[in-house]
Amino acid sequence: MGVRRLRAAAGALRRACRAWTPLLGRRLLGASPMAGNAEQPAPGVAGQEQERKARCGRRGAARVWEDTEPQTKKPKSCEAGEPRGKPPKRKIVLLMAYSGKGYHGMQRNVGSSQFKTIEDDLVSALVQAGCIPESHGENMKKMSFQRCARTDKGVSAAGQVVSLKVRLIDDILAKINSHLPSHIRILGLKRVTGGFNSKKKCDSRTYLYMLPTFAFAHRDRDVQDETYRLSPETLQQVNQLLARYKGTHNFHNFTSQKWPWEPSAQRYILDMFCEAPFERDTMEFAVIKVTGQSFMTHQIRKMVGLVVAIVKGYASEDVLERSWGEAKVDVPKAPGLGLVLERVHFERYNRRYGNDGLHEPLDWVQEEAEVTAFKEQHIYPTIINTERQERSMAQWLSTLPMHDFGATAQAAAGPGAKVPSPQEGDGHSD
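The model shown is predicted, which means the values in this text are computed figures rather than measured ones. (Residues numbered from 1 in each chain as written. Predicted model: local features only at pLDDT ≥ 70, side-chain atom pairs only at ≥ 80, totals over all residues. Heavy atoms only, no water.)

Caption draft 1: Focus on the pattern of salt bridges. Here the structure, examined in full by the defined rule, presents 16 salt bridges. A salt bridge links Lys 116 to Asp 121; the nearest nitrogen and oxygen atoms lie 3.7 Å apart. Residue classification places Lys 116 among the partly exposed residues on the basis of a relative accessible area of 42%. The shortest N-O distance in the salt bridge between Arg 348 and Asp 203 comes to 2.5 Å. On the criterion of sequence distance, the pair formed by Arg 348 in helix α10 (residues 347–353) and Asp 203 in the loop between β4 (184–191) and β5 (204–212) is long-range, its members being 145 residues apart. Given a relative accessible area of 52%, Arg 348 falls into the exposed group. Salt bridges sharing common partners tie together Glu 275, Lys 289, Glu 342 and Lys 375. (Salt bridge = Lys/Arg side-chain N within 4 Å of Asp/Glu carboxyl O. Buried < 20%, exposed > 50% of the residue type's maximum accessible area, 1.4 Å probe, protein only. Helix = DSSP H or I, 4+ residues; strand = E, 2+ residues; numbered from the N terminus.)

Below, the structure written as structure tokens:
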């Protein structure tokens, strides 16, 4: 009887517990989990159990999603100093033209207000126009700023290109130019790839050097003879000398603090020539154009200076060849007033991205008329008027007799050897 009562009590207990945990009831009572002995829950109870598991699963999944969600980056518009709701930043290039007179070059010297640069005025205009936050003006790396060429003190540009990230606001060019002086203009804007760097992507650069043609007059004439006119024969001689620069040469003598064995002293010149002369305000001028992959500090001014010294009769033509050797050669440096960055070239970038349907080629064909107008209005008049007022070319020409162009030739020939002067046979001497 005791066994029958115990089994009856166990059955009653099992039926009472089946609604909330059938499995636990079976385990507590020693029921076998085998398929033949397992009892199936009632259909209504099974539905309730599935619904409970589904609810728990959803709650559990939600908790897992909340716990494992990565911290998202704050949008860039929430950076310090930037109000919300501003347009997103995009990588662009700006086509710049400027007259360099009165400026200590293009590159900005952050923290120094003693020497004013072109970039000082540009960054100030970008901030005032709302293209960049004020904090980025103090740290130009934040806007990924890069200039294509670093022009020196007093050097102008008609086709400088800078790359940076800005907010693409409405009427952006007009707003930037409204905060710039008239001798600095933004003439064009184009979208570029996110990793674009104007300096690294530039294949070559073209400079022009504008000078009065009396610079090529023979040294027997007055250093500033404004009545002088360049003859076709002298122009041909000038172009023959300039053409010898083409190709790869060692230009360590055309800059400072550069050793002849340094790889960076090797520079490749694509072309160099002098255009036909023209008159401005009763004075004749000529323009020398040079295109190269890159140039060192003062390199172009020294290239022009040496050719002028040869044409005037102060140096012999062999000095040009010797200047590319390892020996030190005294190469005169022409004034910086007439030097202008004419154009920068992006052939490889244009071939890859110029026709991809997303980006424009960086050729600035549509802006050509504005570039020409800026040169005629601001750059050429500044060069002409400054030359008349300060006589920079005439003063520099008067220093050419002080240069010793035969010093290295004498050292190479040995003591006591006779080195012919460039005017031997003409009745002149050094």
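Now that the structure is up, let's keep going.
Caption draft 2: Structural context of empty space enclosed by the protein. Enumeration over the complete set of coordinates arrives at three cavities of 30 Å³ or more. Empty space within the largest cavity amounts to approximately 90 Å³. Lining the largest cavity we find Leu 95, Ala 158, Gly 159, Glu 342, Arg 343, Val 344, Trp 364, Glu 368, Val 371 and Lys 375. Taken together, the elements giving at least two residues each to the lining of the largest cavity come down to β3 (156–167), β10 (339–345) and α11 (368–390). Class assignment of the residues belonging to the lining of the largest cavity gives a composition of five nonpolar, one polar and four charged. (1 Å grid on protein atoms, 1.4 Å probe; cavity = no way out; pocket = protein on both sides within 12 Å on 5 of 7 lines; lining within 4 Å. Points joined across faces, edges and corners; volume = space filled by probe spheres on them. Nonpolar A, V, L, I, M, F, W, Y, C, P; charged D, E, K, R; others polar.)

Caption draft 3: Layout of the layout of surface pockets. Size it by volume and the largest pocket reaches roughly 580 Å³. Forming the walls of the largest pocket are 27 residues, and the residues nearest its centre are Ala 149, Arg 150, Phe 295, Met 296 and Thr 297. Those elements that provide at least two residues to the lining of the largest pocket are β2 (146–147), β5 and α8 (299–312). Among the elements that line the lining of the largest pocket, the one with the most residues is α8, at three residues. For the lining of the largest pocket, a count of residues per class yields nine nonpolar, 10 polar and eight charged.

Caption draft 4: Looking closely at the environment of Val 287. As for its placement among the helices and strands, Val 287 is situated in strand β9 (residues 283–292). Spatially, the C-alpha atoms of Val 287 and Leu 208 are 6.3 Å apart, while their sequence positions differ by 79 residues. Ignoring any residue separated from it by four or fewer positions in sequence, one finds Val 287 in contact with Leu 208, Tyr 209, Met 210, Phe 273, Cys 274, Glu 275 and Phe 278. (Contact = heavy atoms within 4.5 Å.)

Caption draft 5: Expanded view of the packing of aromatic side chains. Per the stated rule, a full pass over the model turns up nine aromatic pairs. Arranged with centres 5.0 Å apart and planes meeting at 75°, the rings of Phe 196 and Tyr 349 form a pair that is edge-to-face. Within this pair, whereas Phe 196 is found in the loop between β4 and β5, its partner Tyr 349 is found in helix α10, the two being separated by 153 residues in sequence. Given the relative accessible area of 1%, Phe 196 is considered buried. Under the relative-accessibility criterion, Tyr 349 is labelled buried at 4%. Measuring from ring centre to ring centre gives 5.2 Å for Phe 251 and Phe 254, while their planes differ by 70°; the resulting arrangement is edge-to-face. On the accessibility criterion, Phe 251 (0% relative accessible area) is buried. Look at Phe 254 and you get buried, because its relative accessible area is 0%. Among the aromatic residues, those joined into a ring-pair cluster are Phe 196, Phe 346, Tyr 349 and Tyr 353. Positioned over the ring face of Trp 364 is Lys 190, at 4.9 Å from the centre of the ring. (Phe/Tyr/Trp six-rings, centres within 6.5 Å; stacked < 30°, edge-to-face > 60°. Lys NZ or Arg CZ within 6 Å of the ring centre and 35° of its normal.)

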